[in-house]
Amino acid sequence: MNSSNTPRTLIAVGIVTALVLLSLAVLVYVAFVKVPEKGYHLGKQVATDLARAFQFTPEVRVNERIILAQNAPILELATVKRQFAQKNTWEHRWLGSHKKIVLEGTYEAKAGFDLREPFTIFVDSRTNTVRARMSPPRILSVQRLRLHEFRGEDGWWNKITDEERAQALNELDAKARRNVRESDILDEARRTVEERIREIVLRNGAKAEFEYVDKVKP
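If you're wondering where the values come from, they're calculated on a predicted model, not measured in any experiment. (Residues numbered from 1 in each chain as written. Predicted model: local features only at pLDDT ≥ 70, side-chain atom pairs only at ≥ 80, totals over all residues. Heavy atoms only, no water.)

**A few points about the confidence of the model for the protein**
Argument step 1. Mean pLDDT for the protein: 81, with 76% of residues reaching 70 or above.
Argument step 2. Mean pLDDT across the elements of the protein ranges from a minimum in helix H1 (residues 6-54), with 62, to a maximum in helix H3 (residues 185-203), with 96.
Argument step 3. Long-range and interchain partners of residues 18-35, a stretch whose pLDDT sits below 50, account for seven contacts in this model, where long-range means more than four residues apart. (pLDDT = per-residue confidence, 0-100. Helix = DSSP H or I, 4+ residues; strand = E, 2+ residues; numbered from the N terminus. Contact = heavy atoms within 4.5 Å.)

**Points about the packing of aromatic side chains**
Argument step 1. Within this structure, the stated rule accounts for three aromatic pairs.
Argument step 2. Ring plane angle 20° and centroid distance 5.8 Å describe the contact between Phe-84 and Tyr-107, whose orientation is recorded as stacked. Residue Phe-84 is found in strand S3 (residues 76-94), and its partner Tyr-107 is found in strand S4 (residues 97-114); the two are separated by 23 residues along the sequence.
Argument step 3. Within the aromatic cluster, the residues linked to one another by ring pairs are Phe-56, Phe-113 and Phe-119. (Phe/Tyr/Trp six-rings, centres within 6.5 Å; stacked < 30°, edge-to-face > 60°.)

**Examining the environment of Gln-86**
Argument step 1. Relative to the elements of secondary structure, Gln-86 occurs in strand S3.
Argument step 2. Spatially, the C-alpha atoms of Gln-86 and Lys-175 are 7.7 Å apart, while their sequence positions differ by 89 residues.
Argument step 3. In this view, Gln-86 contacts Leu-103, Glu-104, Gly-105, Tyr-107, Leu-172, Lys-175, Ala-176 and Asn-179; residues no more than four positions away in its chain are not counted.
Argument step 4. One polar contact links Gln-86 to Asn-179, side chain to side chain, over a distance of 2.7 Å. (Polar contact = N/O pair within 3.5 Å; in protein donor to acceptor, adjacent residues only side chain to side chain.)

**Comments concerning H3**
Argument step 1. Taking 1.5 Å per residue, 19 residues should reach 27 Å; H3 reaches 27 Å between its end C-alpha atoms and fits that length.
Argument step 2. Of the positions making up H3, those classed as buried are Ile-185, Ala-189, Val-193, Glu-194, Ile-197, Ile-200 and Val-201.
Argument step 3. Of the residues flanking the end of H3, it is Gly-205, one or two places downstream, whose phi is positive at about 80°. (Expected span 1.5 Å × (residues − 1). Buried < 20%, exposed > 50% of the residue type's maximum accessible area, 1.4 Å probe, protein only.)

**Side note on the pattern of salt bridges**
Argument step 1. Using the criterion set out here, one finds 14 salt bridges in the structure.
Argument step 2. Among the salt bridges present, the one from Asp-114 reaches Arg-116, with a minimum N-O distance of 3.0 Å.
Argument step 3. Take Asp-114: its relative accessible area is 17%, and that puts it in the buried class.
Argument step 4. Classification of Arg-116 by relative accessible area gives exposed; the value is 59%.
Argument step 5. Note that Arg-133 is salt-bridged to Glu-211, the shortest N-O span being 3.1 Å. Of this pair, Arg-133 sits in strand S6 (residues 129-134) while Glu-211 sits in strand S8 (residues 207-212), and the two are 78 residues apart along the sequence.
Argument step 6. We classify Arg-133 as buried; its relative accessible area is 9%.
Argument step 7. Here the salt bridges share partners, and the residues they tie into one network are Asp-49, Arg-52, Arg-196, Glu-199 and Arg-203. (Salt bridge = Lys/Arg side-chain N within 4 Å of Asp/Glu carboxyl O.)

Here it is as structure tokens:
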């Protein structure tokens, strides 16, 4: 090798080495500083927006690290409320005598999430994905608001008793609860929470995923 080219070769090797080290430094910075920092910011912003929308803060994990603990001043998150009328007729016949009680009431059903169970937001800063993990929606309550009609018709010799009136009212309540269970209220509760979370996540420049588990993993 020509000795005159040695300094140039060393300089070239030094420049290449410096460029390689700089590239590695940039990669390390992006992988271990910039990307996680972006994930922390995304997680905190999503949590803040969810707190405004739902009045509670979910647990937030960025790359499996907990950055916010769940804070739920309310015990239930009702995402769907429905009012409906329910009618029931109770009848009894005995020796040709017929007595009847007709009841009609207004009820309110609520469906959503029990916040005594974990509600966790996972942020993957590498894929820019936010995954919400929660228990399936539940029917939170079915409440009778008022009784519109309470009409009793005695039979000829078998009169309506207080016990029979109470039984008719219990049957009305049971019928209302059964109709709620058989409705699509849980599907609507699920759609509502997903639409709201997806809107918040997309607004923050990420994509949303959802996971429902009866026994939420730690």
